[in-house]
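# Residue-level structure breakdown
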Amino acid sequence: MIALIQRVSEASVTVDNEVIGDINKGLLVFLAVEPDDTQAKAKRLAERVAGYRIFNDENDKMNLNVKQAGGDILVVSQFTLAADTSSEMRPSFTTAAKPDFSNKLYQYFTAQLRDKGFRAPTGEFGADMKVALLNDGPVTFTLTV
């Protein structure tokens, strides 16, 4: 399971010209599921995302997590993060999990964040989404479990 997280001042996801999820300050999470992922891995990754300290404290050091910073988390499925990019000039997606399996773990991951008290809007799994963001920093990290 792979999460590309970005600290944002704002972010939104649009499907068919309609904004279906948006946040102000917080994290934009692009999430990819791989075939060997489990609910335990999804739960652990949600804990890491929620607890990862990438917001600045009063001394301008990255010491605060998203909850301490008063932020929300927007979660967008992105199977392309699981692509095998090691050969030639075209990605292979054989390393990404099948859609039904991925969607279940994507929903489970998001539920874990909501259980921790976050407002966690999402994109629409499998849809053609337009994601807009204002990266704060820029600050971007890849987390895996």
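Note: the structure precedes this text.
Here goes a summary of the coordinates provided. Just so it is clear, the structure is predicted and the values come from calculations on it, not from any experiment. (Residues numbered from 1 in each chain as written. Predicted model: local features only at pLDDT ≥ 70, side-chain atom pairs only at ≥ 80, totals over all residues. Heavy atoms only, no water.)

This brings us to the packing of aromatic side chains. If you walk through the whole model with that rule in mind, you get three aromatic pairs. Positioned above the aromatic ring of F118 is the side chain of K67, whose terminal nitrogen or guanidinium carbon lies 4.8 Å from the ring centre. (Phe/Tyr/Trp six-rings, centres within 6.5 Å; stacked < 30°, edge-to-face > 60°. Lys NZ or Arg CZ within 6 Å of the ring centre and 35° of its normal.)

This part is about the pattern of salt bridges. Within this structure, the stated rule accounts for six salt bridges. Close ionic contact of D36 with K41 constitutes a salt bridge, the shortest N to O distance being 3.5 Å. A relative accessible area of 53% means that D36 is categorised as exposed. Residues D37 and K41 are paired through a salt bridge, measuring 4.0 Å at the closest nitrogen-oxygen approach. For D37, a relative accessible area of 3% puts it in the buried group. Residues participating in the shared-partner salt-bridge network are D36, D37 and K41. (Salt bridge = Lys/Arg side-chain N within 4 Å of Asp/Glu carboxyl O. Buried < 20%, exposed > 50% of the residue type's maximum accessible area, 1.4 Å probe, protein only.)

Another aspect to go through is the pairing of strand β1 (residues 2-15). For β1, the buried fraction is high: twelve of the 14 residues fall into the buried class. Bridge count between β1 and strand β7 (residues 130-144): eleven bridges; the pairing is antiparallel. Following the sheet pairing, S12 is matched in β7 by A132. In terms of strand pairing, β1 meets strand β2 (residues 18-23) through five bridges, oriented antiparallel. Bridging across to β2, A11 finds its partner in I23. The loop that links β1 with its antiparallel partner β2 comprises two residues; one of these, D16, has a positive phi angle of about 50°. (Helix = DSSP H or I, 4+ residues; strand = E, 2+ residues; numbered from the N terminus. Pairing = 2+ DSSP bridges.)

Shape descriptors only; they carry no functional weight alone.
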